[in-house]
Every structure is written in structure tokens, then in C-alpha cells.
Amino acid sequence: MQDALAEILASGSEVGAALAIYVDSHAVVDLWGGHADAARTRPWERDTIVNLYSVGKAVTAVCALRLVEAGRLDLGAPVARYWPEFAQAGKAQIPVRHLLTHQAALPAIARALPSGAWGQWDVMTEALAAQAPWWEPGAGHGYHVNTQGFLIGEVVRRITGTTLGTYLRESLAGPAGIDFFMGFGPELDGRCADVLPQQTTPEGEELRRQLSVDPASLSGWPLMRVNAYRNPPEVSGTGIVNTRAWRAAEVPSTNGHGNARAVARLYSALAGDGEVDGVHVLSPEIIARATEPQVYGDDLVLQRPTRFGLGFQLAMAERPLGPSSRAFGHFGAGGSLGFADPDARVAFGYAMNQGRGGWQHKHVRHLIDLVYAAL
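Note that the coordinates shown come from a computational prediction; the quantities given were computed from them, not determined experimentally.

Parameters at a glance
- Residues numbered from 1 in each chain as written.
- Predicted model: local features only at pLDDT ≥ 70, side-chain atom pairs only at ≥ 80, totals over all residues.
- Heavy atoms only, no water.
- Helix = DSSP H or I, 4+ residues; strand = E, 2+ residues; numbered from the N terminus.
- Buried < 20%, exposed > 50% of the residue type's maximum accessible area, 1.4 Å probe, protein only.
- Pairing = 2+ DSSP bridges.
- Contact = heavy atoms within 4.5 Å.
- Axes fitted to C-alpha atoms, helices over the stretch in contact; angles between N-to-C directions.
- Parallel < 35°, antiparallel > 145°, perpendicular 65-115°, else oblique.
- Left-handed = near helix turned anticlockwise from the far one by under 90°.
- Nonpolar A, V, L, I, M, F, W, Y, C, P; charged D, E, K, R; others polar.
- Salt bridge = Lys/Arg side-chain N within 4 Å of Asp/Glu carboxyl O.
- Polar contact = N/O pair within 3.5 Å; in protein donor to acceptor, adjacent residues only side chain to side chain.

Overview of unusual backbone geometry
- Here the amide bond leading from Asn231 into Pro232 is cis, since omega sits at 0 degrees, within 30 degrees of zero.
- Tracing the sequence through the fold places Pro232 in the loop between α9 (220-230) and α10 (244-248).
- Within the chain, Tyr53 stands out as a residue other than glycine whose phi angle is a positive 50 degrees.
- Within the fold, Tyr53 resides in the loop between β3 (50-51) and α2 (55-69).
- Despite not being glycine, Gln303 shows a phi value in the positive range, around 60 degrees.

A closer look at the environment of Asp122
- For Asp122, the location among the structural elements is in helix α5 (residues 121-130).
- For Asp122 and Glu154, which are 32 residues apart along the polypeptide, the C-alpha to C-alpha distance reads 9.2 Å.

A look at the pairing of strand β10 (residues 328-331)
- Side-chain alternation along β10 places Phe328 and His330 on one buried face and Gly329 and Phe331 on a second face that is also buried.
- One ladder, built from two bridges, connects strand β9 (residues 313-314) with β10; its direction is antiparallel. Residue pairing for β10: Gln313 is matched across the bridge by Gly329.
- Relative to strand β11 (residues 337-341), β10 runs antiparallel, the two being bridged by four bridges. Its bridge partner being in β11, His330 is matched across the sheet by Gly338.
- In this antiparallel pair of consecutive strands, β10 and β11, the connection spans five residues, and Gly334 shows a positive phi of 95 degrees.

Considerations on the pairing of strand β12 (residues 346-352)
- With seven of its seven residues buried, β12 lies for the most part within the structure.
- Residues Val346, Phe348, Tyr350 and Met352 point to one face of β12 and Ala347, Gly349 and Ala351 to the other, with burial holding for every one of them.
- Of the strand pairs in this sheet, strand β1 (residues 16-23) and β12 are connected by seven bridges, and their pairing is antiparallel. In the strand pairing of β12, Ala18 is matched with Ala351.
- Adjacent in sequence and paired antiparallel, β11 and β12 are bridged by four residues, among which Arg345 carries a positive phi angle near 55 degrees.

What to know about the environment of Gly138
- Structurally, Gly138 is set in the loop between α5 and α6 (148-160).
- Between the alpha carbons of Gly138 and Arg97 there is a distance of 9.8 Å; along the sequence they are 41 residues apart.
- Every residue in contact with Gly138, bar those within four places of it in the chain, is listed here: His98 and Gln103.

What to know about the packing of α2 against helix α7 (residues 164-176)
- Contact pair α2 / α7: the axes reach a minimum separation of 10 Å and the direction vectors enclose 70 degrees. When the axis of α2 is compared with that of α7, the two are roughly perpendicular. Note on packing geometry: the crossing formed by α2 with α7 is left-handed. Facing Val59, Thr60, Val62, Cys63, Arg66 and Leu67 of α2, the residues of α7 in contact are Leu164, Tyr167, Leu168, Ser171 and Leu172.
- Of the residues contributing to the contact of α2 with α7, the split by class is eight nonpolar, two polar and one charged.

Considerations on the pattern of salt bridges
- Taken as a whole and judged by the stated rule, the model has 14 salt bridges.
- Note that Asp277 and Arg265 form a salt bridge whose closest N and O atoms lie 2.7 Å from each other. You can see Asp277 sitting in the loop between β5 (275-276) and β6 (279-280) and its partner Arg265 sitting in helix α11 (residues 260-271), a full twelve residues away along the chain.
- By relative accessible area, which is 14% here, Arg265 ends up buried.
- Several salt bridges converge on common partners, so that one network encompasses Arg42, Asp189, Asp194, Arg244 and Arg247.

Focus on the side chain of Ser236
- Along the polypeptide, Ser236 turns up in the loop between α9 and α10.
- There is a polar contact of 3.0 Å between the side chain of Ser236 and the side chain of Asn146.
- At 2.8 Å, the side chain of Ser236 forms a polar contact with the backbone oxygen of Tyr229.
- Every residue in contact with Ser236, bar those within four places of it in the chain, is listed here: Tyr53, Asn146, Tyr229, Trp246 and Thr254.

Here's what the structure looks like:
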């Protein structure tokens with residue numbers, strides 16, 4: 001594995017990267033290398049963290065599922081039970097589970113929001129509460145690129161009285177030694193790798209082409225797809241991902257920071273008995289419930305097939321996670337990845353600071369293949 005990661009870095013496929021593997025709850029691979037900056041003056045260190053984009057969606061889901069297990073959150077109850085303002089615009093009956101399965105029909109906000117609104121929690125959640133569904137909730141699913149974290153996070157906040165980032169840190173990440181953050185102070189900036197412009201791929205170029213239009217010229221579904229990534233303008237982290245303001249904010253679908261070790265450590269609990277070094281994460285019953293297929297088919301936002309459980313991407317023929325059909329996890333933009341395989345009791349974490357447009361890439365698949373070949 002060490003040679004494989006070194007080859008990836010030497011080939012220029014990545015500038016800096018880290019890989020961590022757990023088997024049967026034991027760390028068996030913990031590697032890192034390359035550089036944390038474009039000038040290649042700062043080496044990637046053992047404790048380097050980086051923006052992992054949508055890898056944080058599964059972490060957000062784990063927070064909500066912990067409240068389900070504790071009996072504080074009912075997946076079948078209307079979101080409005082916990083967040084009364086959400087009942088606006090015909091949304092009174094949307095169940096909580098649809099926030100986790102991308103069926104809530106709220107992947108974007110139609111009303112143009114100003115620059116910087118992504119960092120104002122109340123502005124984002126009030127806009128989502130006022131937004132009408134883009135399609136009949138439950139009748140289809142579409143990837144809630146940047147809104148899912150605000151939606152789930154507000155439910156968590158209404159129940160716990162704390163922000164999602166605070167809940168994660170105090171109830172799970174801190175006690176379990178999981179080096180993953182949603183919103184943090186300048187004391188961690190020295191550990192952060194800069195996120196670099198992604199390498200060009202056909203998939204990434206097509207997405208950039210679709211998003212290059214002026215949203216003011218659009219309406220209906222084209223507006224939905226553009227605004228999912230660009231309303232407010234920097235909500236995907238575009239142009240601000242390495243700033244103090246971005247790191248301080250909580251944008252749970254998009255700006256979770258961590259490293260491969262943290263991601264694999266969390267998934268080691270989900271691949272096993274639900275605990276990591278004696279700290280409870282989720283019960284086996286809740287894990288099994290969360291990883292049952294909920295939706296599989298054409299995604300109304302991504303316009304390609306996707307398959308989801310309750311907050312987790314599930315293995316699918318178009319995008320396998322190793323050989324097991326029961327593997328689950330979440331990719332992040334550029335190629336970061338965390339997943340659990342309950343059959344092999346394997347947990348996988350991969351982090352990098354450049355990557356390529358889209359999700360899974362050949363060199364990441366190669367690393368996964370090497371893991372299973374070594375079992």
C-alpha cells in the first residue's frame with residue numbers, strides 16, 4: 001500500500017494524500033505523503049486535515065441517527081414537528097427520513113441569496129423553510145448537494161439546542177478520538193492542507209459547462225440544478241475553500257474537515273459492532289436500518305443513477321465500493337472517500353487536496369482493489 005500511494009503522488013495524480021484502513025476494528029494501514037500546498041513547501045503531516053466535501057454528509061447522517069437511536073428523533077415524523085417553520089410552502093407532511101434520502105425535493109433555493117449567505121446559518125435555514133419543493137416530495141430523489149447539511153443540521157439543532165458541529169465534537173468526535181470538524185477556530189489552521197484546483201476530467205468539464213450560465217436567465221429545473229451548486233454563489237466552497245471564514249462556518253454537506261484516519265476510524269465502528277475503542281457510535285440495529293436501500297435510480301439533480309440508504313451512498317454497479325454489495329459510505333468532490341464493508345469488516349478512508357472532477361477515480365479504485373487483495 002505504501003508503494004501504491006507513493007506512485008500516485010509521484011505520478012502527479014495527487015499533490016498530497018492520505019490513506020487509512022481498519023480491519024476488524026484494528027488500524028492496519030495509516031499512510032500519508034506529498035504536500036499540503038500548491039508550492040509544495042509544506043509536507044503533508046500525520047495530523048494534516050483537509051476539506052473533505054461530501055464525505056461530511058455521512059458524518060452528518062450519523063449525528064441524526066444517534067438521535068434516532070436515543071429516541072429523540074422519529075424518522076417517520078414530519079420535519080415540522082421539530083422545526084415548525086419548515087411547514088411553509090406545502091411542506092407540513094415531509095418526513096424526516098426524506099432529508100436523509102434526498103427525497104425532500106429541496107436541493108436548491110430559488111430566491112437568489114447574497115454572497116456570504118452560506119456562512120449565516122439562520123439565513124440559509126430560513127430560506128429553506130420558505131422554499132417550495134421542486135418536485136413532489138417522495139416521488140423521486142435528487143442529490144441535495146449543499147442543502148442536506150443545513151436541513152439535517154437544523155433538525156439536530158432544534159432537538160439538542162446546539163449546532164451540528166458542536167454536537168459532533170462534544171458527543172462523538174471528541175470522545176471517540178475522531179479528528180473531524182464542522183466549523184473550527186484558527187488554532188487548527190496550521191494543520192489544514194490547502195484545497196487546490198481540481199484536475200480536468202470529462203465529468204468535471206461537463207459540470208462546469210452546465211454551471212457556467214447566468215442563473216438569472218434560468219427557470220424551472222435548469223435553475224434548480226445550477227442553484228444547487230451556486231446559490232449562494234460560494235456555497236460549494238468555490239473561491240473561498242481555504243479562507244478562515246469558510247473553515248469557521250458550518251456548511252455540513254460541504255465543509256467538513258478531517259483526514260483519512262478520522263474517516264476510517266468512524267467507519268470501523270460502522271463496519272463492526274458500532275463502537276470504537278469502547279465509545280458507542282451507533283447500534284448494529286440502527287446501522288442495519290440506515291444501510292437498507294431507500295432509493296435507487298435516476299437522480300433528478302445529478303442526472304445519473306444514484307443509490308442511497310439513510311444518509312449513506314450505497315454500493316451500486318455503476319460505482320462499487322469493493323466487492324461487497326452491502327458496502328456503504330460517501331464520496332467527496334475530487335475523490336475523497338470513506339466507506340464500511342460489514343461483510344469483510346473493512347473500513348476505508350482516503351483524503352487528498354487536489355483530486356479530479358467527479359467522485360471515484362482509477363487510482364482510488366486501485367487502492368481499494370489492493371486492500372481486498374491483501375485480506
